[in-house]
Amino acid sequence: MIKNLIKPSTGLIFLIIIVLLGSRLFAGQSENTPVIHLDQTTHMFPTAFEGEQLSHSFKIINRGTADLEILDVTHTRGCIVTRYDRVIPPGGTGQITLGIDTSKEIDEFQKKAIVWSNDPQEERIALFLKGEVKPHISLVPGGYLSLQGVQGQVPVEKLEIINNHKQPLKITAVIHDLPDQIQWRLKENIPGFSYTLEVGVISTKAGDFSGHLVVQTDLTQKPELVIIVNGYIEEN
């Protein structure tokens, strides 16, 4: 009877020892493990104008019990890695600051950066920057005019000049390097905000020509607009 009572007790003790050893081993592994955490992985910028420098800092938290090392931050074209904390202690916070050069972006954009760390469970995390960049002045349909036709019958080409700012602007001059080939006329649709530029051919000779037409404004952010002009005149 006594032997039967001792056997279960010995087995139970052995089981407890196994559980305790396993727990300590697991705890020992956890003590040396960093855990990366970000509350936010996507940032949406408000609408910006071309040329503005955009920047945002993502907060990184180390929820582990070992130092979190940021090994590298790779990124897509147009995204700039301004700075990042390379080592974040357990329970600490750090930052990764990303930027956008809007002088090379027009319309909606999405940029991506990859954060590489020593977290064994999440070695990489993707960060996204999104937004929209507007030009100070829009040229519709674009900054290019193609004058094509037969001698004396070349149609006039038009483009719209639109001020995207809230304050009005003035067009102070229109100059070009094709005095013997073209003539222009500027029409004001909405004073300070919308204009129509009409360009026609005055040359009576057949042949091709190419040049530039420059619209000058009093807008500090965009004092000049350069328009490419190409002509293709066939013999009558």
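Residues numbered from 1 in each chain as written. Predicted model: local features only at pLDDT ≥ 70, side-chain atom pairs only at ≥ 80, totals over all residues. Heavy atoms only, no water.

Participant: Describe the environment of Ile100, listing the residues and the values that go with them.
Facilitator: Of note, Ile100 is situated in strand β8 (residues 93-101). A relative accessible area of 0% places Ile100 in the buried class. For Ile100, the residues in contact, after removing those within four places along its chain, are Phe45, Glu52, Gln53, Leu54, Gly78, Cys79, Glu105, Phe109, Lys111 and Leu129. (Helix = DSSP H or I, 4+ residues; strand = E, 2+ residues; numbered from the N terminus. Buried < 20%, exposed > 50% of the residue type's maximum accessible area, 1.4 Å probe, protein only. Contact = heavy atoms within 4.5 Å.)

Participant: An account of the environment of Phe193 is requested, with residue identities and associated values reported.
Facilitator: Along the chain, the position of Phe193 falls in the loop between β15 (182-190) and β16 (194-201). For the pair Phe193 and Lys170, spaced 23 residues apart in sequence, the C-alpha to C-alpha distance is 8.6 Å. Here Phe193 is in contact with Ile161, Ile162, Asn163, His165, Lys166, Gln167 and Pro168, once residues within four sequence places are set aside.

Participant: Can you lay out the environment of Thr76 for me, pointing to particular residues and giving the numbers?
Facilitator: Inspection of the secondary structure puts Thr76 in the loop between β5 (68-75) and β6 (79-84). In this structure Thr76 comes out as partly exposed when scored by relative accessible area, which is 35%. Distance from Thr76 to Ala113, taken between C-alpha atoms, is 6.4 Å for residues 37 residues apart in sequence. Residue contacts for Thr76: discarding those within four places in its chain leaves Lys111 and Lys112.

Participant: With reference to specific residues and values, describe the side chain of Lys111.
Facilitator: Within the secondary structure, Lys111 is located in strand β9 (residues 107-117). The class of Lys111 is buried, set by a relative accessible area of 11%. At 3.0 Å, the side chain of Lys111 forms a polar contact with the backbone oxygen of Arg77. Those residues in contact with Lys111 that sit more than four places away from it in its chain are Thr76, Arg77, Gly78, Cys79, Ile100, Glu105, Leu127, Phe128 and Leu129. (Polar contact = N/O pair within 3.5 Å; in protein donor to acceptor, adjacent residues only side chain to side chain.)

Participant: Please set out the sheet that holds strand β11 (residues 137-140) residue by residue, giving values where relevant.
Facilitator: Across the sheet, which stays open at both edges, the 4 strands sit in the order β11-β13-β16-β15 with antiparallel pairing between neighbours. Two strands close off the open sheet at either side, each with one partner strand: β11 and β15. Averaged over all pairs of adjacent strands, the angle between their axes in this sheet comes to 20 degrees, without regard to strand direction. Across 8 bridges, the pairing between β15 and β16 is antiparallel. Across the sheet, Arg185 pairs through a bridge with Glu198, a residue of β16. (Pairing = 2+ DSSP bridges. Axes fitted to C-alpha atoms, helices over the stretch in contact; angles between N-to-C directions.)

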